[in-house]
Each structure stands twice: as structure tokens, then as C-alpha cells.
Amino acid sequence: MSNQLVLFTVIVITLFAVLLAIFLYLVVRKRKDGKWKREVETYKQLYEPMLFRYLAYGDEQVPAPSSSAQHVAMMELLDHFMRVLANGDVKERATVLAEMYFVDYLRAQLAHRRLGRRMNALFFIEDSYLRSLVHELEAMYEQKQLTTMEKRQLLKMFALFQHPHVYEYIKQTDESFTQFDYRLILSRMDDRMFAKMVDHFFDWNEKIQYALIDMIGIMQKFAHVSFLRTLLRHEQSEYRIRALKALAEIAFPLDSEQLRIHLHSPVWQERLMALRLCARTRPYELVETMKELVKDRVFSVRSQAAEALLRMPNGLAILEQIAQTSDDRYARDMALEWLERGREND
């Protein structure tokens, strides 16, 4: 019994000692972090007026940072001013300053053991357009222990910097990359690079293909409308659906007979996107087809058809007629719902 009591006492004392050590570590860490933040804030107050004058007017000498806290303070201010004073001259001066003062510091941060430090360095390099560190970024991308988060950020930067190997890098991506990831990468590309991606459309996996179609619409890339129209004839419905969605984003008017084909598609998502395009382009000759689609068996299609009709020049009158005379209860309800919305916004 006494041995068990001694063992229990030792365990309790050991646990207490461990918890005390953790508590003391957290207290010391918190004090150090607090001191660090206060030091950074002090330097930010010192650098802010001179950095603002340098970026806005180019007539101020900014002293070089000599400590880690000074580097962080100046980098945070620089990043802030680049967002607030967004114009070409400010960005050019910010890049020049970053090239002078931060390259060595960022190079060390890219090799830091903490992920947060490495990511912050990557974000700053992107924001300040530091192309001089491309070789370090290439070496980082080849590391086997690279996290998916870092790989995504690096690909965005390679796209922004028009890196010649960005296509090969994209082809090597794994399944962890989502369509949203590819959209972000594509959004950084210039027109020439984006056009090359479109030219090799069928060489990419489906996620990249769908992201490409979506970004044509989101970024209003009218140069690729003919490509979208080609996809409308593809046997795979997902291509047609996304092409219609992109054309709706651009508000590009299709020939009524071609659009009628998609409005009669057996795939409800295709009918939906064709109606969305109708809502943007208002083809009056398709009003009767749209009135029929207010009776569609799919709620989303009925709703989009009613919205498309509301956007016609005499949309309220058309919906009032459907609400009063349609032989379909769901069509009447949908017409009444959009009539109410239309009158509220009238």
C-alpha cells in the first residue's frame, strides 16, 4: 500500500511540474510576443510618415532596416500602402525599395522552419512583385517536404511572373488542388499566357478545364468567345453548361435558334444556364419558349425562366398574364413571386 502511495505521489508531483513548466513557458512566450509586437508598432510609427512620402511622391529617403522588428514593421507598412495607394508609380517605388532592403531577409524567411514565416514571405514577394527571388522560389518548389499551401502560393506567383515553366508545374499538380485553386492561378496570368492555356485546353485535366471556362466569363475575356461557342457543340454536357454560364457572365448574345436548342436540352442545368443568358441578353423572339419553361419540373429552371421574363421590356405584363391564365399551379406561383420582386424594385 505504501509503495502505491509513493508512486501516486511521484506521478502527481511530475504532472504538476510538467504543467508548471508549460504554464511558465506560455507566460514567458506571451511576454516576449507582447514585447515584439510593441517594438514592431514603435517602428511602424517611426517609418510611416517617411514611407508614405517616399511611395506617394518619391522625395523621401527611407533608412535601411537593421533588425528583424524593423524589417517586419517596414514590410507591413509597405504592404498596407501598396493596397491603399494602388497605382503604378506606388507599386514601382515599393518594388524598388523591396529590392534594396528586403531580398536577403526574405531569402532567409523562405528557409525558416515555421510555415507561417515562409508563407508571409511568399505573400510579400507576390505583393511587391520581387522577381529577383525567382530562383529561390524555383528551388523551394522542388523541395519534397513542401506543403500544399506553399505549392498553391508558388504556382500563383509563377503565373504572375510569367514563369516559362508554369505550364509544366501546373501539369504536375495532384488531386489536392481544387477548381478554386486553379482559378486563382489563372487569374494571375497575362493574356498571352492565358491564351496558351486555352489553346491546349484538352491537354489539361477536368478541374483545370472547368476553371479555364469559368475564368473566361469571370474575367470578361471576349477574345475567347469563339472558343466558348465551339464548346456549345461538345457532346459532354458539362462543357456546354459552363460555356453558357461564361457567355452569360459576358452577356454575349447568341443566335436565337442556337439558344433555343439549349433551352430544350434534356439536361436541366443546361436549360438553367441558357435561361441565365436570356436574362442578360433579352432575346424577345424566345419569350414563348421562356414562358413554357416557367412550367419546368425543376424549381431552379422555373425561377430563372421567370426572372428572364421579368427582364424583358414588358416583363411585368408577361408575368401577370402567366399568373392569371396559366394552367400550371407552379408556374402561377413562380410568376407571382417574381411579380412581387419586380414591383419592389420598380
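A. Molecular detail of the overall build of the chain. Helices and strands together make up the secondary structure of the chain, namely 19 helices and zero strands. Taken over C-alpha atoms, the radius of gyration comes to 29 Å for the chain, far larger than the 20 Å a tight globule of 346 residues would show. Taken along the three principal axes of its C-alpha coordinates, the chain extends 85 × 75 × 45 Å. Going through the 346 residues of the chain one by one, you find that 44% of them count as buried. Counting contacts in the chain only where the partners sit at least 6 residues apart, residues at least 24 apart contribute 62% of the total. Accessible surface, the chain: about 19,400 Å² in total, of which carbon and sulfur atoms supply 54%. Charge-centre separation for the chain: the mean point of 48 positive side chains lies 5 Å from the mean point of 47 negative side chains.

B. Region of the structure containing the packing of aromatic side chains. Summed over all chains, the structure comprises 13 aromatic pairs. With 5.1 Å between their ring centres and 85° between their planes, Y129 and F161 make a pair best called edge-to-face. Of the two residues, Y129 is situated in the loop between helix 5 (115–127) and helix 6 (134–141) and F161 in the loop between helix 7 (148–160) and helix 8 (166–171); the sequence distance between them amounts to 32 residues. We classify Y129 as partly exposed; its relative accessible area is 30%. Since its relative accessible area comes to 2%, F161 is described here as buried. On the numbers, 5.0 Å between centres and 65° between planes, the contact of F201 with F227 is edge-to-face.

C. Region of interest: the layout of surface pockets. Its volume calculated, the second largest pocket comes out at about 220 Å³. In terms of lining residues, the second largest pocket is bounded by D79, M82, R83, K91, T95, E126, D127, S128, Y129 and L160. Breaking the lining of the second largest pocket down by element, the ones donating at least two residues are helix 2 (68–84), helix 3 (88–101) and helix 5. The biggest single contributor to the lining of the second largest pocket is helix 2, with three residues.

D. Inspection of the side chain of Q109 at higher detail. Mapped onto the elements, Q109 comes out in helix 4 (residues 103–110). Note on Q109: relative accessible area 9%, which makes it buried. Dropping the residues within four chain positions of it, Q109 is found in contact with R117, R118 and A121.

E. Structural view of the environment of E99. By the secondary structure assignment, E99 is in helix 3. We classify E99 as partly exposed; its relative accessible area is 31%. C-alpha of E99 to C-alpha of Y284: the two residues are 185 residues apart in sequence and 58 Å apart in space. Discounting chain neighbours no more than four positions away, the residues touching E99 are L130, R131 and S132.

F. Spotlight on helix 6. Within the sequence span of helix 6, burial applies to V134, L137, M140 and Y141. For helix 6, the angular spread of the buried residues around the axis is 120°, confining them to a single face. Where helix 6 is buried, its residues touch helix 4, helix 5, helix 7 and helix 8.

G. Expanded view of a nonpolar patch on the surface. Taken together, the side chains of F16, L20, F23, L24 and V27 present a nonpolar region at the surface, about 490 Å² in accessible area. In this structure, L20 sits in helix 1 (residues 2–57).

Conventions used here
- Residues numbered from 1 in each chain as written.
- Predicted model: local features only at pLDDT ≥ 70, side-chain atom pairs only at ≥ 80, totals over all residues.
- Heavy atoms only, no water.
- Helix = DSSP H or I, 4+ residues; strand = E, 2+ residues; numbered from the N terminus.
- Rg over C-alpha atoms; globule rule 2.2 N^0.38 Å.
- Buried < 20%, exposed > 50% of the residue type's maximum accessible area, 1.4 Å probe, protein only.
- Contact = heavy atoms within 4.5 Å.
- Areas by Shrake-Rupley, 256 points an atom, 1.4 Å probe, with all protein chains shown as cover.
- Lys, Arg positive; Asp, Glu negative; His and termini not counted.
- Charge placed at Lys NZ, Arg CZ, Asp CG, Glu CD.
- Phe/Tyr/Trp six-rings, centres within 6.5 Å; stacked < 30°, edge-to-face > 60°.
- 1 Å grid on protein atoms, 1.4 Å probe; cavity = no way out; pocket = protein on both sides within 12 Å on 5 of 7 lines; lining within 4 Å.
- Points joined across faces, edges and corners; volume = space filled by probe spheres on them.
- Arc of directions from axis to C-beta.
- Patch = residues over 30% accessible without salt bridge, like charges linked within 9 Å, V, L, I, M, F, W, Y side chains within 5 Å.
- Salt bridge = Lys/Arg side-chain N within 4 Å of Asp/Glu carboxyl O.

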